[in-house]
Every structure is written in C-alpha cells, then in structure tokens.
Amino acid sequence: MELNTRDTVMKKLLDAQENVRDYEMFAKKVKDNEVSNTFKKFAEESGMQAKELQKLIDKYDNK
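Right, let's walk through the structure included here. Quick caveat, the model's predicted, so the values are computed rather than measured. (Residues numbered from 1 in each chain as written. Predicted model: local features only at pLDDT ≥ 70, side-chain atom pairs only at ≥ 80, totals over all residues. Heavy atoms only, no water.)

1. Focus on the packing of aromatic side chains
Point 1. Tallied over the full model, the rule gives three aromatic pairs.
Point 2. Measuring from centroid to centroid gives 5.3 Å for Tyr 23 and Phe 42, while their planes differ by 65 degrees, and the two rings are edge-to-face. Taken as a pair, Tyr 23 in helix H1 (residues 5-29) and Phe 42 in helix H2 (residues 33-61) lie far apart in primary sequence, 19 residues in all.
Point 3. You can call Phe 42 partly exposed: its relative accessible area is 29%.
Point 4. A connected cluster of aromatic rings, assembled from ring pairs, spans Tyr 23, Phe 26, Phe 39 and Phe 42. (Phe/Tyr/Trp six-rings, centres within 6.5 Å; stacked < 30°, edge-to-face > 60°. Helix = DSSP H or I, 4+ residues; strand = E, 2+ residues; numbered from the N terminus. Buried < 20%, exposed > 50% of the residue type's maximum accessible area, 1.4 Å probe, protein only.)

And the structure:
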C-alpha cells in the first residue's frame, strides 16, 4: 500500500507523538539524572517535530 503525502505526514506525526510519550515515561522511570535529562530533551525535540508535522496536516486539511 502506497501512502499519499498527507498520510505519510500523519504517520510520522503519530510516531513523533508516541516518541514524546515514551521519552517522558522513560525520563520518569530511570534513576540516572543524566539519562533522565537526555530523555527529557528528546521528548522536547520530538514535541517540536510533532508541532511542525501538525502544522502540515492542518495545511492539507484546510485546502
């Protein structure tokens, strides 16, 4: 099955959102502060990616 552009962006948006949740959960579970802070940073970066991808979805949906 070949995805169109919007479907591809949506798939990556969902992946980014899942990464945010995972990194936040991992950051809370690990005891090592360096690892926890790294996961928090990754969660923020994934959140920024999700935000940009959401903008693209909004653009496609408002056409």
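2. Quick look at the pattern of salt bridges
Point 1. The full count for this structure, using the stated rule, is four salt bridges.
Point 2. Salt-bridge contacts for Asp 61 lead to Arg 6; the nearest nitrogen and oxygen are separated by 2.7 Å. In this pair, Asp 61 sits in helix H2 while Arg 6 sits in helix H1, placing the two residues 55 residues apart along the sequence.
Point 3. The exposure class of Arg 6 is partly exposed, given its relative accessible area of 26%. (Salt bridge = Lys/Arg side-chain N within 4 Å of Asp/Glu carboxyl O.)

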